Amino acid sequence: MSKTPLLEIEDLYARVADKEIIKGFNLTINEGEVHAIMGPNGAGKSTLSNVICGKPGYEITSGSIRFKGKDLTKMSAEDRAREGIFLCMQYPVEIPGVAVTTFLKHSINAVRKYHNLPELDTMEFVKMVREEGKKLGIDNEMIKRPVNVGFSGGEKKRLETLQMNILKPSFAILDEADSGLDVDALKVVAEGMNALRDGKRSMLIITHYQRLLEYVVPDFVHVYADGHIVKSGDKTLAAEIEKDGYAEYTRER
Amino acid sequence: MGGLVQKVKLFGEYIPWFQAMRDKGAITFDELGLPTPKTEAWKYTKLRDLNTDDLVIEPSNFLSEMRVTAEEACGCHHEDGGCGCHHHHGKGCCCGHHHEEGDCHCHEEGHVCECRQKLQVPFDAYVIHFEKGKMIPPFPDFPRGVEVMNLMEAVITEDAKEYLGKVADIKLHPFAALNNAYMEEGIYLCVHKNVKVDKPIVLINHTKSGEENIFFNIRNLIVLEQGAEAEFVEWYNYTGAVKSRYFANLVNEIVLGKNAKLSHYKLQDEAFKANHIALSVVKQKADSNYHNFCLQRGANIGRNEVKVLLNDENASAEVNAAYIMSGWATLDTTTDILHLSPRTYSSQLVKGVVGGEAKGVFQGKIHIAQDAVQTEGKQLHRALLLSDTAEIDVKPELEIFADDVKCSHGAASGELDENQLFYMQSRGIGREEAKQILIDAYLNEALAKVKNPEIRAWLSDYAHAPQE
């Protein structure tokens, strides 16, 4: 069975300010696949997710990123999201004064509009948020609060997952590069991601520890050091790293 | 002819005590002159952009009413020369509509002109209409215990005599002095003892800006007797030529009796080249509360100045404001809170959003007199700068002569947060839309201070950046 590539990164070089962080990075993720990228602290793991999602301040100096065959590097951050890329953030941003419902409504309708779908009216929207929220243990009080303001770590992750479940992206990036998330919060996200696994959607998990990979089992594991992938394998590679650490890979360069 | 000082015939010259105030106003303005960049209270406000040379003052409505003859009359259904309303119909209806001969219904009971219909507030209210600074009858029917008249009527009956000109000190304010000199239009509102007005009282001044740059003055006198409660809303707006440089010069004198409560809201939405200078002075007796919110979003120079005299114990005032601007505008929020008795309380939150080459000014003064012990005064100003050329000038002043007081002030300015913008973009929200959401949220913190939810919702609809 031939595989359809979803995300294709070729010989990518990128920098922040004057510092080259990504150096010759190659990765292809096909439809339905779950990949994990593991690496030591400071390897540039978060840079990778930010570059894929189009965060300002990152400059691609050479190489290419294609998503569904389209050149991502020419797209604004919002268009990448509308095309189906979702970044589940390590540290979700607090937005004082903007209620979760307001935020979600702008988000879902911006994406729908991009795909020439009619905007959801308030009734449809509220119904959907309540249903999806219920599955994650998000109550009505929480969605009236300002986005992430005063949220616990677990609540923040639940809100990220709620957004992911509402937007139903074709490609989700879970950036947990260095976060010391508690197990309960981790499970919430993992369950959300597993619920989206349907053999068509793809995922990229960026993590420091193997822990998360026990909940979302990847098809492929890559070790990332010094700006590129130094070793690839299946899920057993994650266990090896957990046992032996990253020292072997950081020395190699 | 032109300029701020013009010879105009006003109604009521034969009333000595009243005419004396006008004369005093003219003399005081002549002595003070226009503020210069060296005038401390005005140093940040670019008055050189005021452009007063070609200002036109329209003739008095009160006099023209008497002047109307059969030939000049509106040609509608009146036969005895004057149609009875306050308008000179030679150029069409007050509302700016040109009525066919015999088709002027603007003063018929219940008639609301087409253009006026657009100027209804979206909440139940007693609405008083002004056009270019001149009141348009009729008044709505007010409940018992709420007395409203036009200022001249209150001058003739001497209802206004006790307080008119005695709350605002014109020696300190050239534009207030000028306002004195032209005193004629405005309302007198008195809420009797323990009467609680059931709906907000709204003053809408609409300016249909045309070729001429009109200069008008409005003076309102608002008296709440002991235990009275009311909400007063001012709304200044325009239709017509965006570039009209009309000038609105406004003074409110407000007296709050013991335990009286006034909520005072204002929306300044003037034409972009127009100028709007307003002063409200509030005198408060014991246990009274003044709750104020002003949103400024229009005008070339817009200044909203609020001075509160907390004269007696346990009087409290909240003076909050928001402003949003772009282009080349200067929007100035000036406050002066005087704690003159023990245990008086004030708080201020002012938030602004400044884009383009615009300039925001906040001057906030808290004065605590020597015997005003156990007093609390709080002040916070925050501004969001949307461009490199936007400017903000902040001058907080604390004058504390008493011990045992709690006083705080703070000022901060910043730009939109890139992380917040990216977070929203990463959820598919366009960058410009994301900016707008953040700006709304920024101003919402100030708008949240508006107690009346309907008025808050109404003001929120205007808390967006005007198109450049």
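Above this text you will find the structure in question.
Here we summarise the structure given alongside this text. (Residues numbered from 1 in each chain as written. Chains lettered and ligands numbered in written order. Predicted model: local features only at pLDDT ≥ 70, side-chain atom pairs only at ≥ 80, totals over all residues. Heavy atoms only, no water.)

Residues and elements named next belong to chain B. Considering all chains together, one arrives at five cavities of 30 Å³ or more under this definition. Reported here for the largest cavity is a volume of approximately 170 Å³. Taken together, 16 residues line the largest cavity, and the ones lying closest to its centre are Ile 57, Glu 58, Lys 134, Phe 216 and Asn 217. Looking at the lining of the largest cavity, the element that brings in the most residues is strand β7 (residues 213-224), giving four residues. (1 Å grid on protein atoms, 1.4 Å probe; cavity = no way out; pocket = protein on both sides within 12 Å on 5 of 7 lines; lining within 4 Å. Points joined across faces, edges and corners; volume = space filled by probe spheres on them. Helix = DSSP H or I, 4+ residues; strand = E, 2+ residues; numbered from the N terminus.)

A few words now on the side chain of Asn 205 of chain B. All names here are of chain B. Here Asn 205 shows up in strand β6 (residues 201-209). Its relative accessible area of 0% is what places Asn 205 among the buried residues. At 2.8 Å, the side chain of Asn 205 forms a polar contact with the backbone nitrogen of Gly 133. Ignoring sequence-local partners within four residues, the contact set of Asn 205 consists of Phe 130, Glu 131, Lys 132, Gly 133, Lys 134, Phe 216, Ile 218, Trp 235, Tyr 236 and Asn 237. (Buried < 20%, exposed > 50% of the residue type's maximum accessible area, 1.4 Å probe, protein only. Polar contact = N/O pair within 3.5 Å; in protein donor to acceptor, adjacent residues only side chain to side chain. Contact = heavy atoms within 4.5 Å.)

A few words now on the layout of surface pockets. The gaps of empty space that remain are located by a probe, the size of a water molecule, rolled over the atoms. All names here are of chain B. There is about 520 Å³ of room inside the second largest pocket. In terms of lining, the second largest pocket is formed by 29 residues, of which the most central are Ala 41, Leu 172, Glu 305, Asp 336 and Lys 365. Residue assignment for the lining of the second largest pocket shows that the elements contributing at least two residues are β11 (275-284), β13 (301-310), β15 (330-339), β17 (359-368) and β19 (391-400). When its residues are assigned to classes, the lining of the second largest pocket shows 12 nonpolar, seven polar and 10 charged. (Nonpolar A, V, L, I, M, F, W, Y, C, P; charged D, E, K, R; others polar.)

What follows is about the pattern of salt bridges. In total, this model carries 40 salt bridges over all chains according to the counting rule given. Lys 157 of chain A is the partner of Glu 176 of chain A in a salt bridge, and the nearest nitrogen-oxygen pair spans 2.8 Å. Remark: Lys 157 of chain A occurs in helix α6 (residues 153-167) and Glu 176 of chain A occurs in strand β9 (residues 171-176); sequence separation between them is 19 residues. Taking relative accessible area as the criterion, Lys 157 of chain A reaches 2% and is therefore assigned buried. Between Lys 171 of chain B and Asp 169 of chain B there is a salt bridge, and its shortest N-O distance comes to 3.5 Å. Taking relative accessible area as the criterion, Lys 171 of chain B reaches 56% and is therefore assigned exposed. (Salt bridge = Lys/Arg side-chain N within 4 Å of Asp/Glu carboxyl O.)

Residues and elements named next belong to chain B. For the bond from Pro 137 to Pro 138, the omega torsion is 5°, close enough to zero to count as cis. The backbone of Arg 343 shows a phi angle near 50°, a positive value even though the residue is not glycine. Here Arg 343 is to be found in the loop between β15 and β16 (345-354). For Arg 343, a relative accessible area of 28% corresponds to the partly exposed category.

Residues and elements named next belong to chain A. Across the interface, helix α3 (residues 100-114) lies against helix α4 (residues 122-136) with an axial gap of 11 Å and an inter-helix angle of 110°. With respect to each other, α3 and α4 are oriented roughly perpendicular. When the axes of α3 and α4 are compared, the crossing they make is right-handed. Across the interface between the two elements, Thr 101, Leu 104, Lys 105 and Ile 108 of α3 pack against Thr 122, Phe 125, Met 128 and Val 129 of α4. Broken down by class, the residue content of the contact of α3 with α4 amounts to five nonpolar, two polar and one charged. (Axes fitted to C-alpha atoms, helices over the stretch in contact; angles between N-to-C directions. Parallel < 35°, antiparallel > 145°, perpendicular 65-115°, else oblique. Left-handed = near helix turned anticlockwise from the far one by under 90°.)

Moving on to the sheet that holds strand β10 (residues 202-207) of chain A. Residue and element names in this part refer to chain A. The strand order β6-β9-β10-β3-β11-β12 describes an open sheet built from six strands, whose pairing is mixed. Unpaired on one side and paired on the other, β6 (85-88) and β12 (228-233) mark the two borders of the sheet. Each neighbouring strand pair of the sheet contributes to a mean axis angle of 20°, computed without reference to strand direction. Both β6 and β9 contribute to a ladder of four bridges, which runs parallel. Bridged to Ile 85 within β9 is Phe 171. The strands that α6 touches are β6 and β9; relative to β6, the one it contacts most, it runs at about 170°. (Pairing = 2+ DSSP bridges.)

Residue and element names in this part refer to chain B. Inspection of the secondary structure assignment puts Thr 330 in strand β15. Exposure remark for Thr 330: the relative accessible area of 1% places this residue in the buried category. Ignoring sequence-local partners within four residues, the contact set of Thr 330 consists of Tyr 44, Thr 45, Lys 46, Asn 300, Ile 301, Gly 302, Met 325, Lys 359 and Val 361.

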